[in-house]
Amino acid sequence: VQLVESGGGLVQEGGSLRLSCAASGSICTFNGVGWYRQAPGKQREVIAVVFRDNTTDYADDVKGRFIISRDNAKNTVYLQMNRMKPEDTAIYYCAGGYPPGIRNYWGQGTQVTVSS
């Protein structure tokens, strides 16, 4: 399974972006699909996950601003990012996996830059 992210770019503080993670195969049997980000000089961190039962989980610093969703018919997972901040600047990756894991497969990443 290949994952391809898209939708990154430059946005002003307070603006919005929607990232897409398109899978080459079905995501229905994935245990979960998550969005991760890595800022310069920092470790990669998980920011949002949607599980097979459609439950979601968010990192504290994006909770209330970002929304993760999945469209099984399109084999795509989205990350709607609202009220963006300069500290959201990072390379964003999606990853998915079969049980018991959720990170067997990774995309190549997409750059998101938030200007102040």
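So, here is what we can say about the structure in this document. Remember, predicted model here, so these are calculated numbers, not experimental data.

**Quick word on the state of the cysteines**
Phase 1: Enumeration according to the criterion identifies one disulfide in this entry.
Phase 2: Each disulfide pairs two cysteine sulfurs, and for Cys21 the partner residue is Cys94, the sulfurs being separated by 2.1 Å. Taking the sign of the torsion about the S-S bond as the criterion, the disulfide between Cys21 and Cys94, at about 70 degrees, is right-handed. Of this pair, Cys21 sits in strand E3 (residues 17-23) while Cys94 sits in strand E9 (residues 90-97); the two residues are 73 residues apart in sequence, bridging distant segments of the chain.
Phase 3: Accessibility expressed as a relative area gives 3% for Cys21, which makes it buried.

**With respect to the pattern of salt bridges**
Proximity of charged atoms lets side chains of opposite charge pair with each other.
Phase 1: Scanning the entire structure with this criterion turns up five salt bridges.
Phase 2: The closest approach of N and O atoms between Arg37 and Glu45, which form a salt bridge, is 2.8 Å.
Phase 3: Given the relative accessible area of 4%, Arg37 is considered buried.
Phase 4: When the shortest N-O distance is used, the salt bridge between Asp88 and Arg37 registers 2.9 Å. With Asp88 in the loop between strand E8 (76-81) and E9 and Arg37 in strand E4 (residues 32-38), this residue pair connects regions lying 51 residues apart in the sequence.
Phase 5: For Asp88, a relative accessible area of 0% translates into the label buried.
Phase 6: Taken together, the salt bridges that share partners define one network made up of Arg37, Glu45, Asp61, Arg65 and Asp88.

Reading guide: rules and limits
Residues numbered from 1 in each chain as written. Predicted model: local features only at pLDDT ≥ 70, side-chain atom pairs only at ≥ 80, totals over all residues. Heavy atoms only, no water. Disulfide = S-S within 2.5 Å. Helix = DSSP H or I, 4+ residues; strand = E, 2+ residues; numbered from the N terminus. Buried < 20%, exposed > 50% of the residue type's maximum accessible area, 1.4 Å probe, protein only. Salt bridge = Lys/Arg side-chain N within 4 Å of Asp/Glu carboxyl O.

Remember that the coordinates give geometry; whether it matters functionally is a separate question.
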